[in-house]
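Analysis of the macromolecular model
Spelled out from the first residue to the last, the chains are:
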Amino acid sequence: MTQLGAIFRPQLPPENLRSIARLADDSGLEELWLWEDCFREGGISAAAAALAWTERVRVGIGLLPVPLRNVAVTAMETATLERMFPGRAVLAVGHGVQDWMGQVGAGVESPVTLLREHLLALRALLRGERLTTEGRYVRLDDVGLDWPPARPVPVLAGVTGPRSLRLSGEAADGTLLTASNPPDGVRRARQLIEQGRESAGRTEPHPVVVYLLAATGSDAAERLRKELTDEGVADVPDLGVAGDAAAVAEAVQRLAEAGADTVVLQPTADEPDPEGFVRFAAEKVRPLVT
């Protein structure tokens, strides 16, 4: 069965997270995703709070920009979440928006090299290994976690370009795709991910999480069109969905058939009722998704 989630967008104030997280938990929604967008809200702090306020919903962080974070800190925070809330935190890391990375002095010459080094080191640390490495960007000298997770924690890569998608297949445990991917984009991404997996000899499952921009209500089509225009992707066919639960569920199904294991509904930035959107996803769309 396709997993379904919803996003708490960081355009909302952090104090609104508690009620939405509890609603996602109580309504039976499988996943609630948070963004670490500069310069709005922190991913780890928001996820820790959401996990503490809830009992069963998985909380995804999509994503942590690796230029901002020493890999040992990422490993410590991830291991802490896993030990406190076993199996409920879902972690994705990625390049981050390069303009934002430049604003804080964290830009790098080769984002792909940094992400590869970060992924390999992070996954090793979360497996409980003690690591010494001297990479171009990631340098560790006999580093190991005192409190590693009881079991390995999957690390997803949130990526877009062909090189990064192949890298995700090679070095990550799954892939997070943005809402700029229609079904054909998901199929192409799956092909590139598989190329990376084959090159690395990997055969274990590689889940793909896809965001789906969705709007419902009387002004849904207008809000969807505005957001797609603002993002510069209004001319991309089959991107996003506006309509009732049946229309949204059909769009989810198309992404699942293209290769998505989890589809996360992304409200528009001007969604007038964020709590209602989560309730709509859980109570109206979820029963229609197989």
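Structure first, text after, so check above.
Residues numbered from 1 in each chain as written. Predicted model: local features only at pLDDT ≥ 70, side-chain atom pairs only at ≥ 80, totals over all residues. Heavy atoms only, no water.

To continue, consider the overall build of the protein. When its secondary structure is counted, the protein shows ten helices and eleven strands. Computed over C-alpha atoms, the radius of gyration of the protein comes to 18 Å, within 12% of the 19 Å expected from 2.2 N^0.38 for 290 residues, which places it in the range of a compact globule. Counting only C-alpha atoms, the protein reaches 60 × 40 × 40 Å along its principal axes. Among the 290 residues that make up the protein, the fraction classed as buried is 54%. Expressed as a percentage of contacts within the protein between residues at least 6 apart in sequence, the contacts between residues at least 24 apart total 74%. Of the roughly 12,900 Å² of accessible surface on the protein, 50% is carried by carbon and sulfur atoms. Of the side chains in the protein, 30 bear a positive and 41 a negative charge, and the two mean positions are spaced by 3 Å. (Helix = DSSP H or I, 4+ residues; strand = E, 2+ residues; numbered from the N terminus. Rg over C-alpha atoms; globule rule 2.2 N^0.38 Å. Buried < 20%, exposed > 50% of the residue type's maximum accessible area, 1.4 Å probe, protein only. Contact = heavy atoms within 4.5 Å. Areas by Shrake-Rupley, 256 points an atom, 1.4 Å probe, with all protein chains shown as cover. Lys, Arg positive; Asp, Glu negative; His and termini not counted. Charge placed at Lys NZ, Arg CZ, Asp CG, Glu CD.)

Leu 32, Val 93, Leu 119, Leu 265 and Val 285 are the most contacted members of the largest nonpolar core, which has 78 residues in total. Top element by residues in this core is helix H5 (residues 111-126). It accounts for nine residues. Other than its neighbours up to four places away in sequence, Leu 265 contacts Leu 4, Gly 5, Ala 6, Ile 7, Leu 212, Ala 214, Val 248, Val 252, Phe 277, Ala 281 and Val 285. Within the second largest apolar cluster, 19 residues are counted, among which are Leu 156, Ala 215, Leu 228 and Leu 239. (Core = buried A, V, L, I, M, F, W, Y, C linked by side-chain atoms within 4.5 Å.)

Below, the discussion takes up the packing of aromatic side chains. Applying the stated criterion across every chain, the model contains two aromatic pairs. Relative to Tyr 211, the ring of Trp 33 lies with its centre 6.1 Å away and its plane at 75 degrees, an arrangement referred to as edge-to-face. One end of the pair, Trp 33, is in strand E2 (residues 31-34); the other, Tyr 211, is in strand E9 (residues 208-215), with 178 residues separating them in the sequence. Relative to Tyr 211, the ring of Trp 35 has its centre 6.0 Å away and its plane inclined at 35 degrees; by these criteria the two rings are tilted. Remark: Tyr 211 occurs in strand E9 and Trp 35 occurs in the loop between E2 and helix H2 (43-53); sequence separation between them is 176 residues. Tyr 211 matches Trp 35 in its accessibility class, with the two residues each being buried. (Phe/Tyr/Trp six-rings, centres within 6.5 Å; stacked < 30°, edge-to-face > 60°.)

What follows concerns the environment of Gly 128. With respect to the helices and strands, Gly 128 occurs in the loop between H5 and strand E5 (131-134). Gly 128 gets classed as partly exposed once you look at its relative accessible area, which sits at 42%. Placed 39 residues apart in sequence, Gly 128 and Leu 167 show a C-alpha to C-alpha distance of 23 Å.

Turning next to the pattern of salt bridges. Under the defined criterion, the tally for this structure stands at 23 salt bridges. Here Asp 142 and Arg 130 are joined by a salt bridge, their closest N and O atoms 3.7 Å apart. A residue pair is termed long-range when its members are at least 10 positions apart, and Asp 142 in strand E6 (residues 139-143) and Arg 130 in the loop between H5 and E5 qualify at twelve residues. Arg 130 sits in the exposed class, given a relative accessible area of 51%. One salt bridge in this structure joins Arg 139 and Glu 134, with 3.2 Å as the shortest N-O distance. (Salt bridge = Lys/Arg side-chain N within 4 Å of Asp/Glu carboxyl O.)

Now for helix H9 (residues 245-258). Its 14 residues give H9 an end-to-end C-alpha distance of 20 Å, which sits within 8% of 20 Å, the value for a rise of 1.5 Å per residue. Of all the residues in H9, the buried ones are Ala 245, Val 248, Ala 249, Ala 251, Val 252, Leu 255, Ala 256 and Ala 258. Once H9 ends, the next one or two residues include Gly 259, with phi positive near 130 degrees. (Expected span 1.5 Å × (residues − 1).)

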